[in-house]
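Now for the letters of each chain:
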Amino acid sequence: MTSQSKHQPFSRRSVLKYMAGAAAACPTCMSVASALASEKKVAAVGHGAGKPAAAKGHGDAHWSYGGDTGPGHWGEMSAGNKVCSMGFQQSPIDLRDAIPASPGQISVLYKPTTLRVVNNGHTIQCNTDPGSTMMLDGEKFRLLQFHFHHPSEHAMDGRRFDMECHFVHVNDAGMLAVLGVFIEPGGENNVLAPVWQHMPKTKGEKKVPSVHINPAQLLPADRRYYRYLGSLTTPPCSEKVIWSVFSQPVQASTAQVSQFAGLFDMNARPLQGLHRRLLLKSG
Ligand SMILES: [Zn+2]
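The structure displayed is predicted, hence computed values, not measured ones.

## Some points on the overall build of the protein chain
What the protein chain contains, in helices and strands, is seven helices and 15 strands. Counting every position in the protein chain, which comprises 283 residues, the buried fraction comes to 44%. Considering only contacts within the protein chain whose residues lie at least 6 apart along the sequence, 71% involve residues at least 24 apart.

Structure (structure tokens):
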């Protein structure tokens, strides 16, 4: 919570100003941003991305979701991971106590993409073809990939959903923007079906040139969302992510959830403190 009144809606301009200030106040963000000079690098280090087995390196030293290499130890596993334990702008968080505001519109301009599914040992990730973009507060971001967590990473009033999908974008300045979509049990999700059909059971990538999917069809119809500044939810936990998590979940069948859980029973980081950040909810 901040000193600003709960009842005073924040204008788009003040939110942007806040974000600019937060980025400038974070040396880690700036150094990470400059390190991520190429989009290829961003894709490898990006939120939840992990790295393919062949590209193991800095920030990816055998971390996991439990035991001696679990979230409580990420910060001590590498010098580059310190912000995992020391940071005050970490993700995920509980989305309760959000402040009603007008944080700007999200315009998604995704195109159908060839199916390229990666099992990186931490999640199932779909790398997307170039050309899909999103406009966030007037800024253009390019979609790099989307991936999944079980259970959801963000929570609503202490409750986690069955799954969460993260759409990872980057802009020319190296800032990341992630769209989060909760997944609840319900009808079978036809967009996920080909991903689930082809996802590798062990580390590796599968390309299926004959199959195209449109990631926009994984988004909820209601585009109201929660907005805050946070981090990657995996090492190196870099605090350079503009988070937008949609309020409305989409559905997948219990069989689909179970199939993912068969590969990744638990790949969600524990909830982090909000500390002095703004958490906004669009009207
Ligand atoms: Zn993620």
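## Things to note about the confidence of the model for the protein chain
Across the protein chain, the average pLDDT comes to 84, with 78% of residues at or above 70. Throughout residues 48-59 the model reports pLDDT below 50, and contacts reaching past four residues in sequence, or to other chains, amount to 33 contacts.

## A look at the nonpolar core
Residues Val181 and Leu279 are the most contacted members of the largest nonpolar core, which totals 62 residues. No other element matches the seven residues that strand S10 (residues 176-185) contributes to this core. Here Val181 is in contact with Glu164, Cys165, Leu218, Leu219, Pro220, Phe246 and Val250, once residues within four sequence places are set aside.

## What to know about the pairing of strand S9 (residues 163-170)
Counting buried residues along S9, eight of its eight residues qualify, which places the element largely inside the surrounding structure. Bridging between strand S6 (residues 139-149) and S9 involves seven bridges; their strand directions are antiparallel. Within the sheet, the bridge partner assigned to Phe148 lies in S9 and is Cys165. When S9 meets S10, the two strands line up antiparallel, connected through eight bridges.

## Remarks on helix H7 (residues 254-263)
Along H7, the positions that sit buried rather than exposed are Gln256, Val257 and Phe260. On an axial view of H7, the arc spanned by its buried residues comes to 100 degrees, and they lie on one face. Relative to its buried face, H7 has exposed residues pointing more than 90 degrees away, namely Thr254, Ala255 and Gly262. Looking at the buried residues of H7, the elements they touch are strand S4 (124-127), S6, S9, S10, helix H6 (192-198) and strand S14 (250-252).

## Looking at the environment of His62
Locating His62 in the fold gives a position in the loop between helix H3 (39-45) and helix H4 (74-77). Put simply, His62 and Met77 are 15 residues apart on the chain and 8.8 Å apart in space, counted from C-alpha to C-alpha.

## Some points on unusual backbone geometry
The step from Ser91 to Pro92 runs through a cis peptide bond, and the omega angle for that step is 5 degrees. In this fold, Pro92 is placed in the loop between helix H5 (83-86) and strand S1 (99-101). The peptide bond linking His150 to Pro151 adopts the cis configuration, its omega dihedral lying at 0 degrees. With phi around 65 degrees, Asp97 is a residue other than glycine that occupies positive phi space. Within the element layout of this structure, Asp97 appears in the loop between H5 and S1. Positioned with a positive phi, Cys237 is a non-glycine residue whose angle comes to about 60 degrees. Counting through the fold element by element, Cys237 comes out in the loop between strand S12 (225-230) and strand S13 (241-246).

## Re the environment of Gln89
When you line up the elements, Gln89 lands in the loop between H5 and S1. Judged by the 26 C-beta atoms lying within 10 Å of it, Gln89 is buried. Sequence-wise, Gln89 and Val241 are 152 residues apart; in three dimensions their C-alpha atoms are separated by 9.4 Å. Apart from the residues lying within four places of it in its own chain, the contact partners of Gln89 are Leu229, Gly230, Ser231, Glu239 and Arg277.

## A look at the environment of Phe264
Within the element layout of this structure, Phe264 appears in the loop between H7 and strand S15 (280-282). A sequence separation of 140 residues divides Phe264 from Ile124, and the C-alpha atoms of the two residues are 8.7 Å apart. Contact partners of Phe264, with chain neighbours within four places excluded, come to Thr123 and His150.

The rules behind each value
- Residues numbered from 1 in each chain as written.
- Predicted model: local features only at pLDDT ≥ 70, side-chain atom pairs only at ≥ 80, totals over all residues.
- Helix = DSSP H or I, 4+ residues; strand = E, 2+ residues; numbered from the N terminus.
- Buried ≥ 20, exposed ≤ 12 C-beta atoms within 10 Å, placed from the backbone.
- Contact = placed C-beta atoms within 7 Å.
- pLDDT = per-residue confidence, 0-100.
- Core = buried A, V, L, I, M, F, W, Y, C linked by C-beta atoms within 7 Å.
- Pairing = 2+ DSSP bridges.
- Arc of directions from axis to C-beta.

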